[in-house]
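So the chains spell out like this:
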Amino acid sequence: MKKTFILLMLSAFILLAALASAPDPAKVAEAPPPPPKKVFEDGSPWKAVDQEAAMERARQVPEFVKTVLKESPAERKMRLGEKMPTLADVPYRYMIIDSPILKSPPFDFLSQESAGSSFPGLKIGDIYGPVRFMHLKHAAVVKDCTKCHHYKPDQPDASETTECSACHQKPFDPEFPERPGLKAAYHQQCMGCHQKENKGPTDCTGCHAKNPPDHSVLVKLPDHPDPLMVTKECLRCHDHTANDMLTSAHWLWRGPSPYTVGAEKRVDMGKATNTINNFCVALTSNWPRCTSCHAGYGWKDANFDFSDKTRMDCLICHDTTLTYAKVPTEAGMPYPQLDLKKIAQSVGKPSRKTCGDCHFQGGGGDAVKHGDMNGILYYPSRNCDVHMGGMDFQCHECHKTRNHKISGRSLSLPVAEGSRSCQDCHTDSPHKFHTGEGHEDHNLLNHHLNRHTEHLHCQTCHSPVYAKCKPSKSWWDWSKAGDKKRKVQKDKYGMPDYSWQKGEFQWKESAKPEYLWYNGKVSRHLIGDKINPEETVRLTFPNGGIADPESRIYPFKSMRGKQMADAGNHILIVPHLYGPEGYWKTLDWDSAFEKGMKAAGLDYSGKYEWVETVMYWGLTHETIPAKNALGCVQCHSALKGEKTCNRCHQDNRNVNFKKLAEKGTDFEFMASQGRDVSHLVGQSDYLNFEALGYKGDPIIYGGRFKKLPLGNETAGMEN
Amino acid sequence: MSEHARPAPIAAPFWTPGVLVLTALMGIAAIFIAARFAGGLAAVTNLKQSHPWGLWIGIDVATGVALAAGGFTTAALAHIFGRHHYEAVTRPALLTAMLGYTFVSVGLFVDIGRSWAIWKPLVFWQPNSVLFEVAMCVVIYLHVLYIEFIPAAAERFGEKIKILGTLNRVLDKVMWVFIIAGVVLSCMHQSGLGSLMLIAPTKVHPLWYTPILPLLFLLSAIAVGYPMVVFETAIATTSLNLEDEMQILNPLTRVTVFLLGLYMAVKITDMAVRGTYSYLFDGSVQSRAFLTEMIAGVIVPWVMLLFPGVRRSRRWLFISCAMIVLGVALNRINVFLVSYSPPHATQSYFPSIGEIAVTAGLISGIIFFYRVAVTFLPVLSARPREVKP
Amino acid sequence: MQITRRSLFKIMGAAGGLSAIGSRAAAAENTSDDDYGCLADVGRCIGCRKCEMACSKVNALPPAQTSFEDMTVFDRNRRPDEAAFTVVNRYFSSRADERGQPVPAYIKVQCMHCLHPACASACITGALKKQENGAVTYNPSRCIGCRYCMIACPFQIPAYEFSDPLTPRVRKCTFCFENISKQGGLPGCAAICPVEALTFGTRSELLKIAHQRISEAPLEYVQKVYGEHEVGGTSWLYISKVPFEKLGLYPLPEKEIPHLTETIQHSIFAYMWAPITLFGILAGAMRFFNPQQMSGKPSQIQTEKEV
C-alpha cells in the first residue's frame, strides 16, 4: 500500500515536472531519425537478389549419393578426354557455403544454448556465418574442375561436377567411415589447397564472418542507462578491445598517414589536428557539431580526454537495431529517447547503417561529401552497387578490420589503417569468364581486358558515373552565405541551391568522374599552409602521371568551392561556425574568423578574402554490374564501326565484333530510369585520352610504354 | 640386570617446556588445517596436477605406518614367540603404534579431498585397488590396536569405569586372536603400501620401481620395528629422566642385525638383478637420494650394529638406530615423492610451509599424546633414574 | 625423469615374470570391439582450438582464462586441468615448409580412455569406471578424493580441484558419455572439429581406418597407431606424420598398467589364502612358544603381578 502511494506520488510529480518543462521547445530534443526503410527506390521491398538466390541454393540438400566412381585423376582424364568439364559448365559464379546439414543432428547440440554454461549466449555450432564463395573465380584459378569435384556418383548419367553435399553429408557414418562429413570435406578441401598453394586464407575468419554471441543474456544494465554506463558495461568484458580502440583512427581522428606526400612517417595528421576541407572547413572551434560523428561521448572542446575509455561510444558502430542515433549538435551524445539497454543487449557487427550514418552523411547531409556513398547504399539496388545491392555486402566485409583498425583509405583524409583494393578478391587478372548464354564470344575479350588492369583502376570502367543514384554536392561557395532573405531554389535534381548559413551550392547526379593518373600518393593542403590566392587551392590532389608505371587511371569526384582565406597571411581560415558566438548565430565573419583562428592557434591578420579550392575524392563504391561496365568503343573510338577482329588478328574469326566491342554501359537505359546521363549516350573517348597525356586513342597512337603492333598507318607500326 | 618393574604411570610433571613446544606446533598445524578446510588443498599445499601426492602422504601416512611397525614386531616377539624378556617394551611400542595409526588417519582425513567421505571405501568395495586393501587393513588394524591397548587402560581405570573392566576380562580370553591378527594385518598393509606405487611404472624411478617393492616394504618395516623401539625408548627415558633400558634394548638390536641385513641383501640383489645400478651415479636427485637412503640409512648402521661395543653403548646404539629409522623414513619419502617424476611435469614438487607445519604438528601430536598416555596410564616400566650423589 | 627404453624393458620383464606366477588375468573385462573410440589424426589437426571450446561448453566447464581464439597459448605446453578436459598443444617437428619455416604439428590431449584403465583399477571406491561403450567415467558421489587415480594414470590426465575445500572432484574427459550413449550422439570435440582430425566410431572400425590411412601414405605417416597396443590398448587412437615421442606421446609398455598390482592383489587375496595361512602359522608359533597366552590365561603383565 505504502509503496503504491509513493509510486503514485512520484509519477504525479514526474508528470507535473514534465508538463512544466514541456512548453520549452528548445529543450526537447528532436526525435531520433527512424531507421532507413528497407525498400528499393520505387518503394518495393528490398532484397539482395544474388545473395538470396545463393542462400536458397545453399539450403537445398541433394539426395545422398552412396556409391562413387573412385578413379585416379589420370584415369578420369582418360575416360573423359575432350569431355572434361570446363569453366563453361560452371552454373553459379557466386555461392554461399552453408548447409542445413550442419544445423541438424548430430550437430544440433552444438547450436543449442545451454543454460548455466560458461558462455551464456554463445552457440558454439553457430560461431561463424556462412562463407561467400567465388565459385567461378576459383574454377578459373584452379583451372581443373575435377580437383575439387574429385569423384563422381557411380551412375552413368551423373554430373561430373556433382555438388559436394551430395556425397558429403553427416560425418562418421558407420556405413561410410572414411568419407568426411560436409563440414570436414569443405575444410579439408579449401584449407588443404590454400595451404598447398600458399594462397588464400587458412584461418577461420579469413573465410567466415564471425557471429557475435547473443548479448541479451550477457549485458546487464538497469533500465534507462546513460551512455557512459553502457560503455562501462561493455568494458567489463571488452577492456582489451577498448585498448585497441584507444589508438584507432575512429577514436583519435588522427593517425598514420603513409600515403600523404611528405608525411609518410607522421602519425599526428587528421581531422582532429590539421586537415581542412571545402565543406564545413575544419573541426577546431566547431567541436559539438562535428563530433556528433565521433565514436565517443562529449568531445565538445579541445580538452577531450582521449585516454578515457568510458567515453567511447561502442553503440555507434555495433548497434544492430538500426535505431541508434546521435543528436547532431551534442558532441556525440545519443538521443535521450533511445532505449540504450535494448540497443546494448542487441549489439553485433557493424552494418551499412552504422557506418553509413556517418560516412554517407558527411558534410552536413546525405551524399554531400562522397561522390560514391550515400543513403541509397543502406538498401541499394543491384544496379546501384553490385556488392551491397546484389550480395548484401556490409562495409566490414571488404574493409577488413583487425583490433579495431579498419583497413581502407581515402583521398579526403590522411589517416589509413591498412589498404584495400578490388584485386584483393578479384586478383590482378580479374576478367576470367562470362557465364550464361550469349557470352561465349565475350571470353575472347578477357585477355585484352586483363591487360587494362596495369593502367586502369577497376572503377574506371566498372563505375562510369558517380552519384549514380543520388545527387552529390559539387560546388560550395561560402562567400555567398549570410543572406537570410534569399529564396532557396531547387535545382533540376530537387536539391537546394542555397543556405544562408553555408552559401551557394551545386549538385551533380550520375556524373562523369574526372580521370587522373594516380599512384596512391596524395598531396594535401594542411591548416596553416601558405596559399597562392591567384590559383585554385588544391586541398587534396592525387599524385601520378602517365610516365609513372605505378600510376593508373582513376576516377575522381572533384569538389570545388570558394572558402575563406586570410588576405594578409595567405593561409586558409578556420572559421568558428557553431556555437553561441559562431557565425551561424552571429552572421559576423570577422568575429567568426578571429575566434576560429585563435582556437586553431593561428595568427589572423583581420583581413579576409574568398579563394577557390578543389578537393579530389576517389570513387570506389557504387560498382555497377559487370555487363554494364564501359565497353571498348566507349573509350576507343578507333574501334567504332569495326566489324571483325582482323585489325589486329590475321585470321577471320567468326565473331560478332561489333556486338562485343560496342556493348557497354547502357546510358540510354539509365536515362530512361531518370538518371541525368542523356548527354553521355553515344559518347566516345570517354576518358579523354589527350587530357590524360596520350596523343589520342592508344589503339592508334600506342600505349604509354608500348606501341601496339597494329594501329593504323600513321602510328608507324612495325611487324 | 634387575627384574622389570611392572608398567606404571610416571610421576614427572606434565607441562614441561618440551610439551609447551609440542602444543605450539600442534596449534600452528591446527591453523593450517583450518585453512585447508576453508580454502581447499591448494590454499595450504604445493600439490599440483602433476604431483597429486605430497608430504602428507609421504611422511604422515607412509612413514607413519612404517615407523609404527614397532607395535607388531615387538608383539610378535614377546607374545607369539614368547620372548617375555621384551614385554617391557611392548606397551610403549603398542602405544606408539596406536598413536601412529591414529595420526595416519588424521593425516589422511586432512589430505583426502572429501574428508567427510572417508567412510565410503567401507561401503563401495573395489578389490582391484591396492589402496582399498591398505585402507581396509589400516582401519581394522587401528581397531585391533585399540583393543590391544584396553588392558592398559583397564588397569588404570577399570575400577572406575566398570564396562572397561568387564571388557578387559572378556578380552583376556581372546586377546591372542587380536595379537596374531595385528601381526597379519600389519604384514598385509605394510607390503600393500609398497604395492601402491607399482601402478605407476612409468612415473616411479627405476631405482625404486621393482615388482618386489611390497616385499621390500614389509622387510624394511620389520627391520625398523626394533630400532624404532630403541629410538623412542631412548628419547622417552632420557626426556622423562627414567632409567635406560639397555638390558632390553641391547639384545633387541641383535635381532635387528639379522632383519636389516636381510632387507639390505634383498634390496641389493634386486638392484643387481634389474641392473638399475646404472642409475646409481648419474648425479640426479634420485640417485643421490637413493645413495643416501642406502648408505646412511641401511649399510652404515648395519655395520655399526655388528660391533657389540656399539650395541652396548647407549649413545652409539641410539645413533645407529636413529640412522635406521631415518633411513626407512627416507625410503618411504623417496618411493612416494622423490622417485615420482611424471613425464609431463613442468615443475617438481617441494612441500609448502603449510604442509611442513601440519606434518610437524601431527608428529607433535603423537609425542604429546604419548606423553599424556605415559603420564596417566601404566605404559612405561622403567623406574626413575637414581639421582647420583 | 626420462624412462629409457632399457629400464622400461626391465620393469616389464620383471612384471611379466611375476605375472607368470599369478595365473589370473588382470583388469576389467567389459571391453569389446563395439566400444566407441576416437581416432585423432595429428596430420590433419589445424590447431583451431574449437575442440577445447566445444568441450568447455558441452561439459559446462568454468570460463577459460583466455579466449579460445588466443593462439599465443601454444607458446607453452599445456596439460588438461580441472578447468579444461582437453587442450591442444603445438610442437615443431623437424620438417620445414618451402620457406624453411618449421611445420607445426598440433596434438589434442585428453583422456585416452584405456581399455584397462589404471585409474579405474586404482580407484579405492570404483568412482572411476570403464563403461561398456568405451568411456572411462567418474562418479563424484563415490569419490573420497584420494587422488590415487592421478598417480596411476600413465597419461597424466586426471586433474583435481585442489581449490575446492569440501567437494573437490577429479576432472577429466568424459568422452561426452551422455551424448555418445544416445543413438547417433557425438562427443563435442569430434562434432565440432572442422577438418575431422577426430574421427568418432567403434574402435575396431577406427583401427581399420587408421591402418588404411597410414598405409596409403607410407612416406608421410609414422607407421604405427598409437594407442592400439599401448598400455593394453586405448579407446582413443592417434596417427601422426611426426614421431609420437616428439608430440609428448611417449613410448609405453604394451602390458596394461594395472597388470602387476592386480596380479599381486588377486594372487595374494584369492580366497584370503595368504592372510589365513599366515594367521595359522603365527597361531601355531604362539601355541608352541607361548601357550599360556593362547589358553586365555591372564596376560603376562598380570601374571607378573601375581609373581
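Notes on the structure in this doc start here. This is a predicted model, so every value here is computed, not measured. (Residues numbered from 1 in each chain as written. Chains lettered and ligands numbered in written order. Predicted model: local features only at pLDDT ≥ 70, side-chain atom pairs only at ≥ 80, totals over all residues. Heavy atoms only, no water.)

**Notes on the pattern of salt bridges**
Pairing between side chains of opposite charge can happen when their charged atoms approach one another. Summed over the entire model, instances satisfying the criterion amount to 44 salt bridges over all chains. Linking A:R236 and A:E233 is a salt bridge whose minimum nitrogen-to-oxygen distance equals 2.6 Å. Taken together, the positions of A:R236 and A:E233, both in helix α10 (residues 227-246) and three residues apart, correspond to about one turn of that helix. Residue classification places A:E233 among the buried positions, given a relative accessible area of 12%. The partner of B:R91 in a salt bridge is B:E155, and the shortest N-O contact between them spans 2.7 Å. Of this pair, B:R91 sits in helix α5 (residues 87-111) while B:E155 sits in helix α7 (residues 130-157), and the two are 64 residues apart along the sequence. With relative accessibility at 26%, the residue B:E155 sits in the partly exposed group. Members of the salt-bridge network, linked through shared partners, are A:E71, A:R76, A:R79, A:K152 and A:E160. (Salt bridge = Lys/Arg side-chain N within 4 Å of Asp/Glu carboxyl O. Helix = DSSP H or I, 4+ residues; strand = E, 2+ residues; numbered from the N terminus. Buried < 20%, exposed > 50% of the residue type's maximum accessible area, 1.4 Å probe, protein only.)

**Points about the pairing of strand β16 (residues 608-618) of chain A**
All names here are of chain A. In this structure, strand β13 (residues 537-542) lies alongside β16, joined through three bridges in parallel fashion. Its bridge partner lying in β16, R538 is registered against V614. Pairing of strand β14 (residues 552-566) with β16, which is carried by 11 bridges, proceeds in the antiparallel orientation. By the bridge assignment, M559 is partnered in β16 with M615. (Pairing = 2+ DSSP bridges.)

**A word on the packing of aromatic side chains**
All names here are of chain A. Following the criterion strictly, the structure yields 53 aromatic pairs over all chains and no others. For the ring pair Y518 and F556, a centre distance of 5.6 Å and an interplane angle of 70° mean the geometry is edge-to-face. Of this pair, Y518 sits in strand β11 (residues 514-518) while F556 sits in strand β14, and the two are 38 residues apart along the sequence. For Y518, a relative accessible area of 9% gives the class buried. By relative accessible area, F556 is classed as buried at 0%. Pairing F593 with W610 gives two aromatic rings, centres 6.4 Å apart and planes at 70°, and the pair type is edge-to-face. (Phe/Tyr/Trp six-rings, centres within 6.5 Å; stacked < 30°, edge-to-face > 60°.)

Just geometry here; none of it tells us what the structure is for.
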